[in-house]
Amino acid sequence: MSATLSPARPRRGRPYGSWLRSIAITIVTLVFALPLVWMFAAAFKTNVQVTDPSVGLWFTPTLDNFRAVVEAGQIVRSMGNSLLVGVVSTVLSAVIAVPAAWAVGRFSMHRTGSVILVARIVPAISLLVPWYYLFARMGLVGSYTVLILSHMFVSVPLIMWIMISFFAGLPVELEEAARTDGLSAFGAFWRISLPLAAPGTATASLLAFVFSWNNFMFALVFSDDRTQTVPVTLFNFISYASTDWGGLMAAASLITVPVVLAAVLGQKYLVAGLTSGATKG
């Protein structure tokens, strides 16, 4: 018997919708990347070139802005302060929020989840006056402690809100099997649920760290010259008479690099955590 040869099907081109999606993604990427490109380019310009609209991307770069910013020393000290406050507040927030999120998600504590949502909605600026009065009476204004506590007020609800849906989506049968083998409820969380929730924990912690790194309002009110963080240092480049645009862009470029590196290095966990937390079952 001879095999019947079927005619070759013509190869279909790329779907029209796929082309539109690619074009839309490219446009959105360019829109979001343009300010960063301008910032990095302006960091290598003089103040005259920054304010001259005729000078685009074709100019003679200079490192004077970076040299002046680093030699001043304040930006390096501020980056160290931001790193200290961000890491400590994020770690403490995760230690508190992750077990709490597991309890809320696993035991269907819906009212508690609503309270957490309210804490996320309340404007932090409404708490500045009572906080300042309270911390001033305690002698904590200008210390790292008050910055860490104020950042935790936002980081704890943020991490909890992300992790509640993540834990609610984990199969409860895994914990039940661990309980059958003799583990306690917390033991099942520690040995079973927490390792499975590592991508979500990394995602929530990264977002909390980025918030702490970029926070301006709390640092402006509660810090002093010794504990000043990077957003406040950037604000100091702007004065009533003039603005040091070259130094401002150089400092902004320096403080953007750690956040970009953290996002790139944690991209795998960030994507996995967001996609896992977005689905249940």
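The structure presented is a predicted model; accordingly, all values stated were derived computationally and were not measured.

1. With respect to the pattern of salt bridges
Item 1. Applying the stated criterion across every chain yields a total of two salt bridges.
Item 2. Arg-67 serves as the salt-bridge partner of Asp-64, at 2.6 Å between the closest nitrogen and oxygen. Taken together, the positions of Asp-64 and Arg-67, both in helix 3 (residues 64–72) and three residues apart, correspond to about one turn of that helix.
Item 3. Glu-175 is paired through a salt bridge with Arg-106; the nearest N and O atoms lie 3.2 Å apart. Taken together, the residues span a long stretch of sequence, with Glu-175 in helix 8 (residues 172–180) and Arg-106 in helix 4 (residues 74–106) at a distance of 69 residues. In terms of burial, Glu-175 and Arg-106 fall into one category: buried.

2. Thoughts on the nonpolar core
Item 1. Within the largest apolar cluster, 36 residues are counted, with the highest numbers of intra-cluster contacts made by Ile-159, Met-163, Phe-167, Phe-218 and Phe-222.
Item 2. Of the residues forming this core, the biggest block, 13 residues, is contributed by helix 7 (residues 144–168).
Item 3. Not counting the four nearest positions on each side in its chain, Phe-167 is found in contact with Val-98, Ala-101, Trp-102, Arg-106, Phe-189, Ser-193 and Ala-197.
Item 4. Counting 19 residues, the second largest nonpolar core, distinct from the first, contains Met-39, Ala-43, Trp-213 and Val-259.

3. Remarks on the environment of Pro-157
Item 1. Looking at the element boundaries, Pro-157 is found in helix 7.
Item 2. Here Pro-157 falls in the buried class, since its relative accessible area comes to 9%.
Item 3. Taking the C-alpha atoms as reference, Pro-157 lies 9.6 Å from Gly-113; in sequence the two are 44 residues apart.
Item 4. Ignoring any residue separated from it by four or fewer positions in sequence, one finds Pro-157 in contact with Ile-116, Ala-119, Arg-120 and Met-152.

4. Re the confidence of the model for the chain
Item 1. Across the chain, the average pLDDT comes to 82, with 88% of residues at or above 70.
Item 2. Segment residues 277–281: pLDDT under 50, and five contacts once partners within four positions in sequence are set aside and those in other chains are kept.

5. Structural notes on the packing of aromatic side chains
Item 1. Using the criterion set out here, one finds 13 aromatic pairs in the structure.
Item 2. With a centroid separation of 5.0 Å and an interplanar angle of 45°, the aromatic rings of Phe-44 and Phe-66 are classed as tilted. Linking Phe-44 in the loop between helix 1 (16–42) and helix 2 (47–51) with Phe-66 in helix 3, this pair joins segments that are 22 residues apart in sequence.
Item 3. Judged by its relative accessible area of 28%, Phe-44 is partly exposed.
Item 4. Note on Phe-66: relative accessible area 15%, which makes it buried.
Item 5. Aromatic side chains Trp-131 and Phe-222 sit 6.4 Å apart centroid to centroid with 40° between the ring planes, which places their arrangement in the tilted category. In this pair, Trp-131 sits in helix 6 (residues 128–138) while Phe-222 sits in helix 11 (residues 217–222), placing the two residues 91 residues apart along the sequence. Comparing Trp-131 with Phe-222 shows no difference in burial state: the two are buried.
Item 6. Here a set of aromatic residues connected by ring pairs shows up, and it is made of Trp-102, Phe-167, Phe-186, Phe-189 and Trp-190.

6. Some details on a nonpolar patch on the surface
Item 1. Where nonpolar side chains cluster on the molecular surface, the patch consists of Leu-20, Ile-23, Ile-27, Val-28, Val-31 and Phe-32 and spans about 600 Å² of accessible area.
Item 2. In this structure, Val-28 sits in helix 1.
Item 3. According to the relative accessible area criterion, Val-28 is partly exposed, its value standing at 44%.

Definitions and limits used
- Residues numbered from 1 in each chain as written.
- Predicted model: local features only at pLDDT ≥ 70, side-chain atom pairs only at ≥ 80, totals over all residues.
- Heavy atoms only, no water.
- Salt bridge = Lys/Arg side-chain N within 4 Å of Asp/Glu carboxyl O.
- Helix = DSSP H or I, 4+ residues; strand = E, 2+ residues; numbered from the N terminus.
- Buried < 20%, exposed > 50% of the residue type's maximum accessible area, 1.4 Å probe, protein only.
- Core = buried A, V, L, I, M, F, W, Y, C linked by side-chain atoms within 4.5 Å.
- Contact = heavy atoms within 4.5 Å.
- pLDDT = per-residue confidence, 0-100.
- Phe/Tyr/Trp six-rings, centres within 6.5 Å; stacked < 30°, edge-to-face > 60°.
- Patch = residues over 30% accessible without salt bridge, like charges linked within 9 Å, V, L, I, M, F, W, Y side chains within 5 Å.
- Areas by Shrake-Rupley, 256 points an atom, 1.4 Å probe, with all protein chains shown as cover.

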